[in-house]
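Residues per chain, in single letters:
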Amino acid sequence: MEKIKNYIGGTFRPAQSGEWLDNVNPATGEIYSFIPDSDEQDVGEAVEAAKAAFPEWSRTPAAIRSKYMLDIAERIEAQLEELAMDETNDNGKPIWLSRNVDIPRASANFRFFATAILHWETSTHMMDDTAVNYTHKSPLGVVGCISPWNLPLYLFTWKIAPALAAGNCVVAKPSEITPLTAYRLAQICIDAGLPAGVLNIVHGSGPKAGQAIVEHKDVKAISFTGGTKTGEGIARTAAPMFKKLSLELGGKNPNIIFGDCDFEDAVKTTVRSSFSNQGQICLCGSRIYIEQNIYEKFRDELVKRVQQQLVPADPLMKETRMGAVVSKSHKEKVLSYIELAREEGGNILTGGAEADAGGRCKNGYFLQPTIIEGLSETCRTNQEEIFGPVVTLQPFETEEEVLGYANCTPYGLSATIWTSNLKRAHNLAHRLDSGIIWVNTWLLRDLRTPFGGMKQSGVGREGGYDALNFFSETRNVCIKL
Ligand code: TXE
């Protein structure tokens, strides 16, 4: 069985403790590789390697940094098939999704920040004829990037790429549940000739390896995506050390569907926004609010299409659109929420149980896509992040009413609005407690735009120049004329 290794100082190494963790394929329930159970010793080594590489890398011209990164982007593209297969085996997601979304986006992340750094401008402020101020940006030094399991290589590279582009050296940790494509990325970096120590990848658990990155005194910033509770713990450790923090946390996103929407487009996209990646995307809409005058028509059509299109099956089959959820414990967590929804008086319109994908997947972690109605906006099912293939439906009559529903959770990541009334769309968009709002679309991403949430969905924004600014220190220089 394959043993995944840490990538430190340009070489592959096991954890110093010699301990390993199991890596399970969620579609089969079988252990298929091992990962290093790293701790603070390994993180310490990685930080030292990053510190040693930093002076050279930070002085390397942006155009050369960009070249390394473009080379990495091309190598990811060239290995699309192998990487897609690895991602699906690690995560349980349909191979279609790995091929068409996860891996292409990982390459796009490197390509985007490799070119963004070439166009990054700083500002000047003239004070009449008295003085000129200019803003100077420099890399922070060694930074930490910690990513989750739902979009493994996609989110890992979304953090690493801007950090490297801005001239930092990185200690990164992928989720211990989905480590494989991060390991492949290390080999790609070696093949691309990325100087040793510029990127270091430490594998292991959150409480051991992740916490050691957050606690290390020489790690200047932490960029984290994951659960809200974990983010809270990270902030507790990092804030008193005055580290820069970017936290992209959970969501409980509303989809608001008005009677005047393009019905076909709204239903079709809602199937995707509810259940893509088995509902395990922080941007999935899990609370669907439908205007009363189309409630029944929309509900019946949504249920019909989900039953027809989303049959849980072997994620390696090219036609599969509903794969396995990421782990046994996650499957159980989602099932416990379905049980809670029943206790709270919810009516399960479809799904509501485990699924058997048969064949080699008979012991995998599959769930039926689940649609529930009849719950209030304030019940736990509608307040807590489930992060699985479970959505609720609720009718509304007025804009004010649905705005209240949409904003009534502790989260504020994203929202979608479906309407042909432009005035209403703007009006609502400006009043929703969400960092990302889509009107008549979902998950349409321009990588230049700010990405992140309000309230318990996080702190800070990723994407575009926001990410480059996060990974930089800013000085103002004032010169008297
Ligand atoms: O996330 P964790 P998990 C939500 C979702 C899910 C829940 C838990 O609701 O059910 O979070 O998922 C590392 N110091 N999202 O358990 O634990 C960990 O090793 C430093 C939302 O995977 O937050 C992993 O690399 N690092 C979401 C990463 O943090 C620590 C995506 C995320 O793990 C750590 C995924 C610590 N003390 C889950 N503890 C989104 N919003 O995209 C853990 N980690």
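Residues numbered from 1 in each chain as written. Predicted model: local features only at pLDDT ≥ 70, side-chain atom pairs only at ≥ 80, totals over all residues. Heavy atoms only, no water.

This part covers the pairing of strand β21 (residues 414-418). Judged by how many residues are buried, β21 sits mostly within the fold: five of five residues are covered. Residues of β21 alternate between two faces, with Ser414, Thr416 and Trp418 on one and Ala415 and Ile417 on the opposite face, all of them buried. Where strand β13 (residues 253-257) lies against β21, three bridges are found, and the strand directions are parallel. Residue pairing for β21: Ile256 is matched across the bridge by Ile417. In this fold, the crossover linking β21 to strand β22 (residues 436-439) by way of helix α14 (residues 422-431) has right-handed handedness. (Buried < 20%, exposed > 50% of the residue type's maximum accessible area, 1.4 Å probe, protein only. Helix = DSSP H or I, 4+ residues; strand = E, 2+ residues; numbered from the N terminus. Pairing = 2+ DSSP bridges. Right-handed = clockwise from strand over helix to strand, strands pointing away.)

Let us now look at the sheet that holds strand β18 (residues 370-373). The strand order β15-β18-β19-β14-β13-β21-β22 describes an open sheet built from seven strands, whose pairing is mixed. In this open sheet, the two edge strands, each paired with only one partner strand, are β15 (347-350) and β22. Ignoring which end each strand starts from, the neighbouring axes of this sheet average 25° apart. Two strands pair when backbone bridges link them, and β18 and strand β19 (residues 390-396) are joined in this way by four bridges, in the parallel orientation. Looking at β19, one finds that Ile371 is bridged to Val391. Set on the sheet, helix α10 (residues 295-309) makes contact with β13, β14 (285-291), β15, β18 and β19; between it and β15 the angle comes to about 55°. (Axes fitted to C-alpha atoms, helices over the stretch in contact; angles between N-to-C directions. Contact = heavy atoms within 4.5 Å.)

Here the focus is unusual backbone geometry. Non-glycine residue Phe242 carries a positive phi angle of around 60°. Examined against the element boundaries, Phe242 turns out to sit in the loop between α8 (228-238) and β12 (244-248). Despite not being glycine, Lys455 has its phi angle at roughly 50°, a positive value. Classification of Lys455 as partly exposed rests on a relative accessible area of 40%.

Let's shift gears to the site of the ligand. Inspection of the region around the ligand gives 27 residues, with Trp149, Glu176, Thr230, Leu249 and Glu385 positioned closest. One nitrogen or oxygen atom from the side chain of Trp149 is found 2.4 Å from an oxygen atom belonging to the ligand. Between Gln211 and the ligand, the recorded distance is 3.0 Å, taken from a side-chain N or O atom to a nitrogen atom. Alone, the ligand offers 810 Å² of accessible surface; in the complex the protein occludes 85% of this. Among the elements that take part in the shell around the ligand, helix α7 (residues 206-215) stands out by supplying five residues, more than any other. By residue class, the composition of the shell around the ligand is eleven nonpolar, twelve polar and four charged. (Near = heavy atom within 4 Å. Polar contact = N/O pair within 3.5 Å; in protein donor to acceptor, adjacent residues only side chain to side chain. Areas by Shrake-Rupley, 256 points an atom, 1.4 Å probe, with all protein chains shown as cover. Nonpolar A, V, L, I, M, F, W, Y, C, P; charged D, E, K, R; others polar.)

Attention now moves to the packing of aromatic side chains. Under the counting rule described, the total for this entry stands at eleven aromatic pairs. When the centroid spacing of 5.2 Å and the interplanar angle of 85° are considered together, the rings of Phe258 and Phe396 count as edge-to-face. Placement of Phe258 in the loop between β13 and α9 (263-275) and of Phe396 in strand β19 is noted, with a sequence separation of 138 residues between them. Note on accessibility: Phe258 and Phe396 belong to one class, buried. Summarising the aromatic geometry, the rings of Phe263 and Phe298 are spaced 5.8 Å apart at their centres and angled 85° between planes, so their arrangement reads as edge-to-face. Placement of Phe263 in helix α9 and of Phe298 in helix α10 is noted, with a sequence separation of 35 residues between them. (Phe/Tyr/Trp six-rings, centres within 6.5 Å; stacked < 30°, edge-to-face > 60°.)

Running from amino to carboxyl end, α9 crosses α10 at an angle of 55°, the nearest separation of the two axes being 10 Å. The orientation of α9 with respect to α10, classified from their angle, is oblique. Two packed elements cross with a definite hand, and for α9 against α10 that hand is right-handed. Between α9 and α10, the contacting residues are Phe263, Glu264, Ala266, Val267, Lys268, Thr270, Val271 and Phe275 on the first element and Lys297, Phe298, Glu301, Leu302, Arg305, Val306 and Gln309 on the second. For the contact of α9 with α10, the per-class residue count stands at eight nonpolar, two polar and five charged. (Parallel < 35°, antiparallel > 145°, perpendicular 65-115°, else oblique. Left-handed = near helix turned anticlockwise from the far one by under 90°.)

Attention shifts here to the nonpolar core. Ranked by size, the top nonpolar core spans 88 residues in total, and within it Phe110, Phe113, Ile160, Leu185 and Leu199 carry the most contacts. Element by element, the count of residues in this core is highest for helix α5 (residues 152-165), at ten residues. Those residues within four positions of Leu199 in sequence are excluded, and the remaining contacts are Tyr7, Ile160, Val170, Ala172, Leu185, Cys189 and Leu194. In terms of nonpolar packing, the next biggest core, distinct from the first, is built from 21 residues, Ile257, Ile290, Leu310 and Leu393 among them. (Core = buried A, V, L, I, M, F, W, Y, C linked by side-chain atoms within 4.5 Å.)

Here we come to the side chain of Lys159. Note on placement: Lys159 falls in helix α5. If sequence neighbours within four positions are ignored, Lys159 has contacts with Cys145, Ile146, Ser223, Phe224, Thr225, Glu462 and Phe471.

Turning our eyes to something else, we now look at the pattern of salt bridges. Here the idea is simple: oppositely charged side chains can pair when their charged atoms come close. Going through the model one piece at a time under the given rule, you end up with 30 salt bridges. Residues Glu301 and Lys304 are paired through a salt bridge, measuring 3.5 Å at the closest nitrogen-oxygen approach. You can see Glu301 and its partner Lys304 sitting in helix α10, three residues apart, about one turn around the helix. A relative accessible area of 39% places Lys304 in the partly exposed class. In this structure, Arg431 engages Glu400 in a salt bridge whose closest nitrogen and oxygen atoms are separated by 2.9 Å. In this pair, Arg431 is assigned in helix α14 and Glu400 in helix α13 (residues 399-406), connecting sequence segments 31 residues apart. Note on Arg431: relative accessible area 34%, which makes it partly exposed. (Salt bridge = Lys/Arg side-chain N within 4 Å of Asp/Glu carboxyl O.)

Mapping Glu385 onto the fold places it in the loop between α12 (380-383) and β19. Judged by its relative accessible area of 16%, Glu385 is buried. Along the sequence, Glu385 and Gly227 sit 158 residues apart, while their C-alpha atoms lie 9.3 Å from each other. Filtering out sequence-adjacent residues up to four positions away, Glu385 remains in contact with Gly250, Gly251, Lys252, Lys333, Tyr337 and Tyr411. Side-chain polar atoms of Glu385 contact the backbone nitrogen of Gly251, separated by 3.0 Å.

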